[in-house]
Amino acid sequence: QVQLVESGGGLVQSGGSLRLSCAASGRIFSDNAMAWYRQAPGKPRELVASVTDGGRTNYESSLKGRFSISRDNSKNTIYLQMNSLKPEDTAVYYCNLGADVSGTYYPDDYWGQGTQVTVSS
């Protein structure tokens with residue numbers, strides 16, 4: 001069993017910052033990669049950013065520059081630093097544990113419960 005627990009969401013004004021955390025525990029396999037997704041009301045879940053256990057990152061192109069993903073392998077934790085937040089960033093943010101295949105993230109069916117981020121205008 002794998003457990004993923006997100007934290008750090010909340011209400012912030014437009015232009016503000018938040019840092020999300022996702023801690024993984026349980027039977028975590030090697031050669032893994034982790035990612036952040038988000039889902040706004042009435043919209044499909046979308047990939048925000050991913051990071052392999054070797055530190056290779058990938059971003060949704062429109063978010064690169066404002067969002068930064070990182071990980072601490074000693075804590076099995078990933079982070080998402082979100083700066084210059086906009087109302088359209090409002091969503092539930094989820095983390096996913098997937099596979100690292102030759103430096104590329106592939107999602108698997110391990111999800112956290114999500115953390116709400118609300119950006120007010």
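Look up: the structure comes first, before these words.
Cut-offs applied
Residues numbered from 1 in each chain as written. Predicted model: local features only at pLDDT ≥ 70, side-chain atom pairs only at ≥ 80, totals over all residues. Heavy atoms only, no water. Core = buried A, V, L, I, M, F, W, Y, C linked by side-chain atoms within 4.5 Å. Buried < 20%, exposed > 50% of the residue type's maximum accessible area, 1.4 Å probe, protein only. Helix = DSSP H or I, 4+ residues; strand = E, 2+ residues; numbered from the N terminus. Contact = heavy atoms within 4.5 Å. Pairing = 2+ DSSP bridges. Axes fitted to C-alpha atoms, helices over the stretch in contact; angles between N-to-C directions. Salt bridge = Lys/Arg side-chain N within 4 Å of Asp/Glu carboxyl O.

Q: Help me get a handle on the nonpolar core, residues and values and all.
A: Residues Leu 4, Trp 36, Val 48, Phe 67, Leu 80, Met 82 and Tyr 93 are the most contacted members of the largest nonpolar core, which totals 27 residues. Broken down by secondary-structure element, the contributors of at least two residues to this core are strand E1 (2-7), strand E3 (18-26), strand E4 (32-39), strand E5 (46-52), strand E7 (67-72), strand E8 (77-82), strand E9 (91-101) and strand E11 (115-120). Sequence-distant contacts of Leu 80, that is, excluding residues within four places in its chain, are made with Leu 18, Arg 19, Leu 20, Trp 36, Val 48, Phe 67, Ser 68, Ile 69 and Tyr 93.

Q: How would you explain the environment of Leu 18 if you had to name every residue and give the values?
A: Take Leu 18: it is sitting in strand E3. Put simply, Leu 18 and Leu 80 are 62 residues apart on the chain and 8.1 Å apart in space, counted from C-alpha to C-alpha.

Q: Tell me about the sheet that holds E3, residues and numbers included.
A: Read from one edge of the open sheet, four strands run E1-E3-E8-E7, paired in antiparallel fashion. Strands at the two margins of the open sheet, each flanked by one partner only, are E1 and E7. Pairwise comparison of adjacent strand axes, ignoring direction, gives a mean angle of 15° for this sheet. With six bridges connecting them, E3 and E8 associate as antiparallel partners. Counterpart to Ser 21 in the pairing with E8 is Tyr 79.

Q: Tell me about the pattern of salt bridges, residues and numbers included.
A: Opposite charge on two side chains permits them to pair, given that their charged atoms come into close proximity. In the structure shown here, the tally under the stated rule is three salt bridges. Here Asp 89 and Arg 38 are joined by a salt bridge, their closest N and O atoms 2.9 Å apart. Highlighted residues: Asp 89 in the loop between E8 and E9 and Arg 38 in strand E4, separated in sequence by 51 residues. Across the pair Asp 89 and Arg 66 runs a salt bridge whose closest N-O atoms are separated by 2.8 Å. One end of the pair, Asp 89, is in the loop between E8 and E9; the other, Arg 66, is in the loop between strand E6 (57-59) and E7, and 23 residues separate them in sequence. No difference in accessibility class separates Asp 89 from Arg 66, as the two residues are buried.

Q: So what's going on with the environment of Gly 65? Which residues, and what values?
A: Tracing the sequence through the fold places Gly 65 in the loop between E6 and E7. With 37 residues separating them in the primary sequence, Gly 65 and Ser 102 have C-alpha atoms 25 Å apart.

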